[in-house]
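Overview (structure and organization)
Each chain is listed here by its residues.
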Amino acid sequence: MCGIIGAIANRDITSVLIDGLKRLEYRGYDSAGLAVIDSDGELDLRRSVGRVVALEKICSDIHGHLGIAHTRWATHGRPAENNAHPHTSSHQVAVVHNGIIENHESLRQSQKEMGFPFSSETDTEVIVHQIDHHMQNGADLLCAVQNTVDELNGAYGLGVVSKQDTSRIIAARNGSPLLIGLGEDENFIASDMSALIPVAKQYMVLEDGDIADVTGTTVDIYDRDRKPVQRKVLVSSLSDDETSLDGYAHFMKKEIHEQTRAITETLEGRLGANSVLEIPFGENAKEIFDAAREIKIIACGTSYNAACVARYWFEEFGIRCDVEIASEYRYRKHVVNDGTLFVTISQSGETLDTMAALEMAKGLGYSNTLCICNAPESSLARASDLTIFTHAGREIGVASTKAFTTQLVTLLMLAICLRRRALNLSAEGDKIEHEIVLELRSLPSQIEHALGLEDDIIAMSKHFADRQHTLFLGRGAHYPIAVEGALKLKEISYIHAEAYAAGELKHGPLALVDADMPVVAVAPNNELLGKLKSNLEEVRARGGRLFVFADIDSGIHSDDDTHVLHVAPVNNYIAPIIYTIPLQLLSYHVALLKGTDIDKPRNLAKSVTVE
Ligand code: G6P
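Residues numbered from 1 in each chain as written. Predicted model: local features only at pLDDT ≥ 70, side-chain atom pairs only at ≥ 80, totals over all residues. Heavy atoms only, no water.

Concerning the sheet that holds strand β3 (residues 43-49)
Strands pair in a sheet through their backbones, by hydrogen bonds, and they do so in one of two ways: parallel or antiparallel. The strand order across the open sheet formed by eight strands is β3-β2-β4-β1-β10-β9-β11-β15, and the pairing between neighbours is antiparallel. Across the chains shown, the open sheet's two edge strands, defined by having one partner strand only, are β3 and β15 (234-235). As paired strands, strand β9 (residues 179-182) and strand β11 (residues 202-205) are joined by four bridges and run antiparallel to one another. Residue pairing for β11: G181 is matched across the bridge by Y203. (Pairing = 2+ DSSP bridges. Helix = DSSP H or I, 4+ residues; strand = E, 2+ residues; numbered from the N terminus.)

Overview of the sheet that holds strand β12 (residues 211-214)
The strand order across the open sheet built from seven strands is β5-β6-β7-β8-β12-β13-β14, with neighbouring strands paired in antiparallel fashion. A strand with exactly one partner marks an edge of an open sheet, and here the two such strands are β5 (87-89) and β14 (228-229). Seen against the sheet, helix α4 (residues 125-136) touches β5, β6 (93-98) and β7 (156-162) and runs at an angle of roughly 140° to β6. (Contact = heavy atoms within 4.5 Å. Axes fitted to C-alpha atoms, helices over the stretch in contact; angles between N-to-C directions.)

As for the side chain of T580
Summarising the element assignment, T580 is placed in helix α18 (residues 575-594). Sequence-distant contacts of T580, that is, excluding residues within four places in its chain, are made with F404, T405, L408 and I481.

Let's talk about the pairing of strand β18 (residues 340-346)
Within β18, seven of the seven residues are buried, which leaves the element mostly enclosed by the surrounding structure. With burial as the criterion, each face of β18 is covered, one bearing T340, F342, T344 and S346 and the other bearing L341, V343 and I345. Sheet topology note: the strand β16 (residues 294-299)/β18 ladder contains five bridges and is parallel. Counted as the bridge partner of E294 is T340 from β18. By the bridge criterion, six bridges tie β18 to strand β19 (residues 368-373) in an arrangement that is parallel. Bridged to L341 within β19 is N368. With helix α11 (residues 352-361) bridging β18 and its parallel neighbour β19, the resulting β-α-β unit is right-handed. (Buried < 20%, exposed > 50% of the residue type's maximum accessible area, 1.4 Å probe, protein only. Right-handed = clockwise from strand over helix to strand, strands pointing away.)

With respect to the site of the ligand
Taken together, 13 residues lie near the ligand, and S303, S346, Q347, S348 and T351 sit nearest. One of the backbone nitrogen or oxygen atoms of V398 is found 3.1 Å away from an oxygen atom of the ligand. Tallying contributions element by element places helix α9 (residues 301-316) first for the shell around the ligand, with three residues. Among the residues making up the shell around the ligand, the classes are represented as four nonpolar, eight polar and one charged. (Near = heavy atom within 4 Å. Polar contact = N/O pair within 3.5 Å; in protein donor to acceptor, adjacent residues only side chain to side chain. Nonpolar A, V, L, I, M, F, W, Y, C, P; charged D, E, K, R; others polar.)

Description of the packing of helix α7 (residues 259-267) against helix α13 (residues 402-422)
It is the contact of α7 with α13, at a shortest axis distance of 9 Å, that shows an interaxial angle of 30°. As judged from the angle between their axes, α7 and α13 are roughly parallel. In this structure, α7 meets α13 at a crossing whose hand is right-handed. Each of Q259, R261, A262, I263, T266 and L267 in α7 lies in contact with α13, whose residues at this interface are K402, T405, T406, V409, T410 and M413. Among the residues making up the contact of α7 with α13, the classes are represented as five nonpolar, five polar and two charged. (Parallel < 35°, antiparallel > 145°, perpendicular 65-115°, else oblique. Left-handed = near helix turned anticlockwise from the far one by under 90°.)

Some details on the packing of α7 against helix α14 (residues 431-451)
Two elements in contact, α7 and α14, have axes whose closest approach is 8 Å; the angle formed by their N-to-C orientations is 175°. By the angle between their directions, the pair α7 and α14 is classed as roughly antiparallel. Note on element contacts: α14 touches α7 through L440, L443, P444, I447 and E448, opposite Q259, T260, I263, T264 and L267. Residues belonging to the contact of α7 with α14 are distributed by class as follows: six nonpolar, three polar and one charged.

Notes on the environment of H478
Looking at where H478 falls in the secondary structure, it is placed in helix α16 (residues 478-493). In contact with H478, not counting residues within four places along its chain, are V522, P524, N526, A575, P576 and Y579.

Let's talk about the pairing of strand β10 (residues 187-190)
The two faces of β10 match: N187 and I189 on one face and F188 and A190 on the other face are all buried. Pairing of strand β1 (residues 3-8) with β10 involves four bridges; the strand directions are antiparallel. Note on β10: the bridge partner recorded for G6 is I189. For β9 and β10, the ladder comprises four bridges, and the chain directions are antiparallel. In the sheet register, G181 faces β10, and the bridge partner there is F188. Linking β9 back to β10 in an antiparallel pair, the connection comprises four residues, with D185 at a positive phi of about 55°.

Some words on unusual backbone geometry
With an omega of 0°, the peptide bond running from H85 to P86 counts as cis. Of note, P86 is situated in the loop between β4 (64-72) and β5. In the Ramachandran plot, N424 falls in the positive-phi region, its phi being about 60° despite a non-glycine side chain. Locating N424 in the fold gives a position in the loop between α13 and α14.

Here you go:
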């Protein structure tokens, strides 16, 4: 999703901006651009559709000490050069913008009446004209931005430069993350710290309503009431180590194979001999767990699928658990029972709908807010009472893999902590806790084993590459695993994939089943296996082609219409984590055969910072 970087320094900053844009590519985008105040004091604007390398090619002759740059993920107006940011007004002012301006139509109307020409279909262009308008009426750059944001409804992270004042960048935030990176006699703005890894370690996070006046040596921040405020200086722990392919063809493949290490690190320090330890979750964890009698989980995308799996664990352990998509939760009324813990799950920690749901929840009487997150320096982590980090390491492939399985591991540990309270057990737990802890310890080697299915999955993937549609089936906690498998396939191979709870097959989707529709099923050896087998028979009876990941002892075997890949026996609690792996590999290899852009699938973004 859209990314911002800006720089003011005593050196040429064009390469810093281009490098920063490359580091923001993982978020997903369709066009990119930059505006630099060049050595003649002119505003030099370059934009292009497609990858940042295309922009880089047309920027080799630009040099300057002050500039802003942007990767755009289209919301208002198609991906096109004229819609790419920065946007300019009268060749005087340039703006980059993340977010959506809701009153852009009325502003556009009044600006047209004032004679401002429009060159894009974006909501952003009204911002730059409005700033220009205020400057033409005598305001300096800071005041012009202040006056403008007072007239905007909606979400924004803004970076603004003007050729009339080449000593500063103005940054403003409302609902769209923005931070200031602090260098030596040079400063930066960025939508996330990964853009600034080589140039700044220290940074400040702007809060909603803040406007920052950033020069090479100073940063002055004003809050919503325009009072000067200090924001804490933080030190980033991000490094470049995680951003190389290490010989893999794609980040997604690397990240699938990293799951053994990612899970090991997520478990690190959190397991005792026979129990899950609570102290490592944070100073206030015990108090927050004590107060939690019910759980409400909010998330989007893959993180939502993780929540749906966890609901089975929580409820099996006697803890009421409700799960909802953030964008739905935000727009309805809620009845909150006493002692309900509000949990958000987010890989990026920046998903706007999840963040907005958390802000809304704060006024609704939940006992506490807890976030399960993979990004320590993220907005959700900062805004929650307690954050439990999944130590997956940075995930770059847009389709989430290691973030998902580490979320599951974390949710299972959380469920165990709450189970003790629900069942009045000691901190050392009981037989079931001991069993789960043993299984969690051996999870990395079990994942390794599941990764060993890859060659067979490569052979299986050939049956999918020329298909238009697929159906995924699962039961119980493996129904959301089927949903996640279908999501992976559609995200990166662009094959339409739908998941159903296998028992629902007869209520509709069975009408679609024929020899052209591959049906994928996950069949662990659990109490629902018999029921699932009957559902698979319903598919076979209609001439459907089955592709089943089945426990070796399930009694399901290959024949003419059924391709079975056997999975080693696995404990029921951790089975959903293990059965995720072959589905990830299947989608990867189908996409590879189709030749799609696996790490950056069309139209999608890694970090979704708009509604
Ligand atoms: C986007 C990503 C998904 C992700 C979802 C939620 O759609 O492409 O991979 O699952 O956002 O993101 P979050 O960072 O909140 O987990």
